[in-house]
Amino acid sequence: MPHKLQLVEPNDPVLRMVADRIPESDIAAVQALIENMLFSVTEYEGVGLAAPQIGASKQIIVVASKPNSRYPYAPDFPAEAMINPEIVRLSDEQELGWEGCLSVPGSRGQVPRSKHITLTYQDREGEHHQKDFEGFLARIIQHEVDHLHGKTFVDRMENPKDLISEETFQSLLEEAVDEY
Ligand code: NI
């Protein structure tokens with residue numbers, strides 16, 4: 001049975017490391033880790049999770065976007081694990097959007113991200129893919145791939161002083177909903 005993985009502390013050095021690529025021969029050995037990551041991302045009400053966040057310095061991310069209490073506006077995307085993900089194209093066109101992170105607990109910030117990306121990765125069977133993503137999904141993937149290179153969303157903010165608390169963010173969300 002899959003279980004909920006423990007998140008490393010926000011100051012853990014693993015979050016600042018470049019994660020190791022997974023050779024073809026190791027894909028079978030990371031299946032349990034992937035299963036636990038897919039289970040954990042939902043348990044934590046995240047929309048994505050990168051292996052370094054649970055202490056494994058490996059090039060694995062999971063994307064599991066669906067509306068939840070932390071991201072009520074998230075689009076539905078079937079949970080998927082991506083091994084050795086590499087962003088091979090970033091659109092020049094960027095947009096600002098709110099992000100949070102399980103490894104930056106209690107904070108949100110506005111981060112500029114490319115609107116469109118092209119990603120190469122292997123699925124958990126080891127099959128190679130090249131896909132285009134846009135909008136919120138492109139944002140999640142850029143955020144998670146950053147974790148594999150030792151970066152958090154705060155490093156991408158124009159001014160990290162503009163971080164706001166989760167409580168302030170939730171009240172902004174409620175105001176936005178009230179306008180409709
Ligand atoms: Ni994160």
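Report on the accompanying structure. Because the structure is predicted, anything quoted here is derived from the model rather than measured. (Residues numbered from 1 in each chain as written. Predicted model: local features only at pLDDT ≥ 70, side-chain atom pairs only at ≥ 80, totals over all residues. Heavy atoms only, no water.)

## Focus: the coordination of the nickel ion
- In the first shell of the nickel ion, the protein supplies Cys-101 (SG), His-143 (NE2) and His-147 (NE2), at 2.1 to 2.3 Å from the metal.
- The sequence pattern describing where the donors of the nickel ion fall on their chain is C-x41-H-x3-H. Placement of the pair is Cys-101 in the loop between strand S4 (94-99) and strand S5 (107-114) and His-143 in helix H2 (residues 135-147), with a sequence separation of 42 residues.
- The buried category is assigned to Cys-101, whose relative accessible area is 5%. (Donors = N, O, S within 2.8 Å, 3.2 Å for Na, K, Ca; no water. Helix = DSSP H or I, 4+ residues; strand = E, 2+ residues; numbered from the N terminus. Buried < 20%, exposed > 50% of the residue type's maximum accessible area, 1.4 Å probe, protein only.)

## Here's the deal with the side chain of Thr-118
- Locating Thr-118 in the fold gives a position in strand S6 (residues 116-122).
- One polar contact links Thr-118 to Asp-132, side chain to side chain, over a distance of 2.8 Å.
- Once residues lying within four places of it in the same chain are set aside, the contact partners of Thr-118 are Glu-86, Ile-87, Val-88, Arg-89, Gln-130, Lys-131 and Asp-132. (Polar contact = N/O pair within 3.5 Å; in protein donor to acceptor, adjacent residues only side chain to side chain. Contact = heavy atoms within 4.5 Å.)

## Points about the sheet that holds S5
- Strand order across the open sheet formed by three strands is S4-S5-S8, with antiparallel pairing between neighbours. Two strands lie at the open edges of the sheet, namely S4 and strand S8 (164-165), each paired on one side alone. (Pairing = 2+ DSSP bridges.)

## A word on the packing of aromatic side chains
- Counted by the stated rule, this structure contains five aromatic pairs.
- Between Tyr-71 and Tyr-73, the aromatic rings sit 6.4 Å apart at their centres with planes inclined by 85°, giving edge-to-face as the arrangement.
- Among the aromatic residues, ring-to-ring pairing joins Tyr-71, Tyr-73 and Phe-136 into one connected group.
- Here the basic side chain of Lys-4 rests over the ring of Tyr-44, its NZ or CZ set 4.4 Å away from the ring centre. (Phe/Tyr/Trp six-rings, centres within 6.5 Å; stacked < 30°, edge-to-face > 60°. Lys NZ or Arg CZ within 6 Å of the ring centre and 35° of its normal.)

## Examining the layout of surface pockets
- Space inside the largest pocket adds up to approximately 200 Å³.
- For the lining of the largest pocket, the elements supplying multiple residues, two or more each, are strand S3 (80-90), S5 and H2.
- A class-by-class count of the residues in the lining of the largest pocket yields four nonpolar, four polar and three charged. (1 Å grid on protein atoms, 1.4 Å probe; cavity = no way out; pocket = protein on both sides within 12 Å on 5 of 7 lines; lining within 4 Å. Points joined across faces, edges and corners; volume = space filled by probe spheres on them. Nonpolar A, V, L, I, M, F, W, Y, C, P; charged D, E, K, R; others polar.)

## A short note on the pattern of salt bridges
- A complete count under the given rule lists ten salt bridges for this structure.
- Taking the shortest distance from any N to any O, the salt bridge between Glu-35 and Arg-124 comes out at 3.0 Å. Of the two residues, Glu-35 is situated in helix H1 (residues 31-43) and Arg-124 in the loop between S6 and strand S7 (128-134); the sequence distance between them amounts to 89 residues.
- On the accessibility criterion, Glu-35 (34% relative accessible area) is partly exposed.
- One connected set of salt bridges, linked through shared partners, spans Glu-99, Arg-113, Arg-139, Asp-146 and Arg-156. (Salt bridge = Lys/Arg side-chain N within 4 Å of Asp/Glu carboxyl O.)

## Some remarks on empty space enclosed by the protein
- In the structure shown here, the tally under the stated rule is one cavity of 30 Å³ or more.
- If you trace the largest cavity, you find 17 residues lining it, with Val-47, Tyr-71, Gly-100, His-143 and Glu-144 closest to the centre.
- At the level of secondary structure, the elements contributing two or more residues to the lining of the largest cavity comprise S4 and H2.
- Of all the elements, H2 adds the most residues to the lining of the largest cavity, at six residues.
- Per-class residue counts for the lining of the largest cavity are seven nonpolar, six polar and four charged.

## Observations concerning the pairing of S6
- Among the seven residues in S6, five count as buried, and that is most of the element.
- Strand direction decides the pairing type here: S6 and S7, joined by seven bridges, are antiparallel. Bridged to Thr-118 within S7 is Asp-132.
- In this antiparallel pair of consecutive strands, S6 and S7, the connection spans five residues, and Gly-126 shows a positive phi of 95°.

## A word on the sheet that holds S6
- Overall, antiparallel pairing links the five strands, which are arranged S1-S2-S3-S6-S7 in an open sheet. Since the sheet does not close on itself, it has two edges, and those belong to strand S1 (48-50) and S7, each with one partner. Strand after strand, the sheet turns through a mean of 40° between neighbouring axes, direction not considered.
- Alignment of strand S2 (residues 60-63) against S3, held across four bridges, turns out to be antiparallel. The partner of Ile-61 across the bridge, within S3, is Met-82.
- Strands in contact with H1 are S1, S2 and S3; relative to S2, the strand with the most contacts, it is inclined by about 35°. (Axes fitted to C-alpha atoms, helices over the stretch in contact; angles between N-to-C directions.)

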